[in-house]
Amino acid sequence: MRILSLAIGLFVLTGSAVAQSPVSANKGVTYGAGASADGAISVNELSSKMSNSGFTGKISGKVVEVCQEKGCWMKVEKENGETLMVKFKDYGFFMPKDIQGKEVVLDGEAIVKEVSVKQQKHYAKDAGKPADEIEKIKAPKKEVQFVAKGVLVL
């Protein structure tokens, strides 16, 4: 009976630890496997560094949008006004909502992916976009996405 009580207690503690929000996005805080700024390129250099198989390494940039549901994706600004979609490897970690506006280093892999209409609408809803803007999404699109295994706030 004592072992069963202990097992249930550990299960409850584990579940509550997983449900907690990520630590606030202060300078020096890392997420996932972590990252360092060593060898990072600007997000603006990414397209020139990509090959047919993508890009593996570190990029830096400013976060301009983050999923408002649970922090499961974010977007990094490019100098041309476009953004780079960033997801997190195996959904192993999430970002705090206060990371918007922060400079970050991302360690991971850039890939070209086709994003369905359904997925684009899902992202728009997560970002809190108005319904009329979401309804304007009518076609799939190809885009570069970055799958981060670690993030460092600069």
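An account of the accompanying structure is given in this report.

So, how was this worked out
Residues numbered from 1 in each chain as written. Predicted model: local features only at pLDDT ≥ 70, side-chain atom pairs only at ≥ 80, totals over all residues. Heavy atoms only, no water. Helix = DSSP H or I, 4+ residues; strand = E, 2+ residues; numbered from the N terminus. Buried < 20%, exposed > 50% of the residue type's maximum accessible area, 1.4 Å probe, protein only. Contact = heavy atoms within 4.5 Å. Areas by Shrake-Rupley, 256 points an atom, 1.4 Å probe, with all protein chains shown as cover. Arc of directions from axis to C-beta. Polar contact = N/O pair within 3.5 Å; in protein donor to acceptor, adjacent residues only side chain to side chain. Core = buried A, V, L, I, M, F, W, Y, C linked by side-chain atoms within 4.5 Å. Salt bridge = Lys/Arg side-chain N within 4 Å of Asp/Glu carboxyl O. Pairing = 2+ DSSP bridges.

**Observations concerning the overall build of the protein chain**
In step 1: Helix and strand counts for the protein chain stand at 4 helices and 7 strands.
In step 2: Split into buried and exposed, the 154 residues of the protein chain put 36% on the buried side.
In step 3: If you take every contact in the protein chain between residues at least 6 apart in sequence, the share linking residues at least 24 apart comes to 71%.
In step 4: Carbon and sulfur atoms form 53% of the exposed surface of the protein chain, whose accessible area is close to 9,400 Å².

**A short note on helix α3 (residues 117-126)**
In step 1: Residues of α3 that are buried: Gln120, Tyr123, Ala124 and Asp126. In an axial view of α3, the angular spread of the buried residues amounts to 165°, which keeps them on one side of the axis. Turned more than 90 degrees from where α3 packs its buried face, Lys118 and Lys125 sit exposed.
In step 2: Looking at the buried positions of α3, the neighbouring elements they touch are β4 (73-77), β5 (83-88), β6 (103-115), α4 (131-135) and β7 (141-153).
In step 3: Looking one or two places after α3, you find Gly128, whose phi comes out positive at around 80°.

**Quick notes on the side chain of Glu143**
In step 1: Relative to the helices and strands, Glu143 is located in strand β7.
In step 2: Glu143 gets classed as buried once you look at its relative accessible area, which sits at 17%.
In step 3: Of the polar contacts made by the side chain of Glu143, one reaches the side chain of Gln145; its length is 2.9 Å.
In step 4: Once residues within four sequence positions are removed from consideration, Glu143 is found in contact with Met85, Ile111, Val112, Lys113 and Val115.

**Focus: the nonpolar core**
In step 1: If you look at the biggest cluster of nonpolar residues, it comprises 26 residues, and the most contacted ones within it are Met74, Ile99, Leu106 and Val151.
In step 2: Contributing elements (two or more residues each) for this core: β3 (55-66), β4, β5, β6 and β7.

**A closer look at the pattern of salt bridges**
In step 1: In total, this model carries 4 salt bridges according to the counting rule given.
In step 2: Note that Lys129 and Glu65 form a salt bridge whose closest N and O atoms lie 3.8 Å from each other. With Lys129 in the loop between α3 and α4 and Glu65 in strand β3, this pair connects stretches of sequence that are 64 residues apart.

**Points about unusual backbone geometry**
In step 1: Phi is positive for Asp90, close to 55°, though the residue is something other than glycine.
In step 2: Position of Asp90 among the secondary structure elements: in the loop between β5 and β6.
In step 3: Even without being a glycine, Tyr91 presents a positive backbone phi close to 50°.
In step 4: Its location among the elements puts Tyr91 in the loop between β5 and β6.

**A short note on the pairing of β5**
In step 1: Here β5 lies mainly inside the structure; 5 of its 6 residues are buried.
In step 2: In this sheet, β5 lies alongside β4 in antiparallel orientation, the contact comprising 5 bridges. Note on β5: the bridge partner recorded for Met74 is Val86.
In step 3: Connecting β4 to the next strand, β5, in antiparallel fashion are 5 residues, including Gly81 with a positive phi near 95°.
In step 4: Relative to β7, β5 is paired through 4 bridges, and the arrangement is parallel. What sits directly across from Met85, in β7, is Gln145.

Geometric descriptors of this kind do not, in isolation, establish any biological role.
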